[in-house]
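Here is how the chains run, residue by residue.
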Amino acid sequence: MADNDAVKVEIEGGIATVVINRPEARNALNRDAFLGLMKAAQSLKENPEVRVAILTGAGDRAFSAGIDLKMVASGAGGASIFSGLRPGFDPLFSLKSIFTMYEDLAIPVIGAINGYCLGAAFELSLCLDMRLASDTAIFGLPEIQLGVIPDLGSTQRLPRIVPPGYAKELILTGRRIDAAEALRIGLVDHVYPLDQVMPEAKKLAEEIAKLNPRIVQGAKRAANLWMTTPLDTGLRMETDICLGAGSGAGFGDQAQQFLKKE
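Attention here is on the structure that accompanies the text. Given the structure is predicted, the values throughout are model-derived calculations rather than measurements.

Overview of the sheet that holds strand 8 (residues 138-140)
Now for step 1: Read from one edge of the open sheet, 4 strands run 4-6-8-9, paired in mixed fashion. In the strand order of this sheet, the two ends are held by strand 4 (62-64) and strand 9 (176-178), each with one partner. Each strand of the sheet is rotated relative to its neighbour by a mean of 20°, with strand direction disregarded.
Now for step 2: With 3 bridges joining them, strand 6 (residues 116-118) and strand 8 adopt parallel strand pairing. Bridge pairing in strand 8 places Leu 118 opposite Gly 140.

Structure below.
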């Protein structure tokens, strides 16, 4: 990963755990963290043994407090993060593309949100397939209070996840909400005590990892069509994905096995 291990990846039993590893800074996203996230996503994409991933933050205080404000205050923003790495490429879009890598992974990605999830980290969490939160989690998009708009994807992704009115309220006020409110508006899928959020994320990952990976990945691809595709087109594409993944093969045998369990 990055030179200072700002992001760590562990793989066991087909499950990858990606950890933003800057607990001394509430896992704030600096240059090494962004590059570590990019390298981690690329490694997951290229590893056929990984069936599902969990993304979390080190320690119990934060998933991530967002972009490292010390880095920004020093004048080191997106341009410096990619200085010399992608010459001529728009630096802000480079950062967006890192988050999109997690959205575009063929495998399901589960967020285990253990504490503060603010700004850029909030925007990263929106790219994940499922979000599990600790009861200590705090969510917010403070960018507008700092004189900028949230610019790493939340203005487009958040209204697709929660009702548009709630999305605009969070975007336009910069206020923070707790885990209970996040669950109520559909921002997260489950809330657990702090010491249970990772075990529950692993339990969910294990459940998915036991299934046929080709079918799981086809189902994820089909389930994501609604974000960019009209319903009639999506229904046709769903059929194509189903046939391409071979999900009809052996369906009768599988149905018989399922009925025996009932």
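As for the packing of aromatic side chains
Working definition: an aromatic ring pair is given by the centre-to-centre distance plus the angle between the planes.
Now for step 1: As enumerated under the stated definition, the model contains 2 aromatic pairs in all.
Now for step 2: The interplanar angle of 90° and the centroid separation of 6.2 Å between the aromatic rings of Phe 122 and Phe 139 together place this pair among those described as edge-to-face. Pair noted here: Phe 122 is in helix 5 (residues 120-125) and Phe 139 is in strand 8, with a separation of 17 residues, a long-range link.
Now for step 3: A relative accessible area of 1% means that Phe 139 is categorised as buried.

So, the pairing of strand 5 (residues 109-113)
Now for step 1: With respect to burial, strand 5 is a largely interior element, 5 of its 5 residues being buried.
Now for step 2: Burial of strand 5 is two-sided: the residues Val 109, Gly 111 and Ile 113 facing one way and the residues Ile 110 and Ala 112 facing the other way are all buried.
Now for step 3: Examined bridge by bridge, strand 3 (residues 52-57) and strand 5 share 4 bridges and lie parallel to one another. Across the sheet, the residue bridging to Leu 55 is Gly 111, located in strand 5.
Now for step 4: Here strand 5 runs beside strand 7 (residues 130-134); their pairing, made up of 4 bridges, is parallel. Residue Ile 113 lies in a different strand from strand 7, and its bridge partner there is Ala 133.

What counts and what doesn't
As a convention, each chain's residues are numbered from 1 in the sequence order in which they are written. In view of the model being predicted, local features appear only for residues whose pLDDT reaches at least 70, and side-chain atom pairs are presented and counted only at 80 or more, with totals across whole chains, interfaces and linings using the full set of residues. Neither water nor hydrogens contribute to the side-chain values; these are computed over all heavy atoms in the structure. In short, DSSP must find at least two bridges between two strands for them to pair. Numbering of helices and strands runs from the N terminus, with a helix taken as a DSSP run of H or I at least four residues long and a strand as a DSSP run of E at least two residues long. For every element, the axis is a line fit to its C-alpha atoms; helices are fit only across the contacting stretch, and the angle between N-to-C directions ranges from 0 to 180 degrees. Stacked, tilted and edge-to-face are the three classes applied to pairs of Phe, Tyr and Trp rings, where Trp contributes its six-membered ring and a pair requires centres within 6.5 Å; stacked means planes under 30 degrees apart, edge-to-face means over 60, and tilted covers the rest. Accessible area is worked out with a 1.4 Å probe on protein chains only. A residue is then buried under 20% of its type maximum, exposed over 50%, and partly exposed in between.

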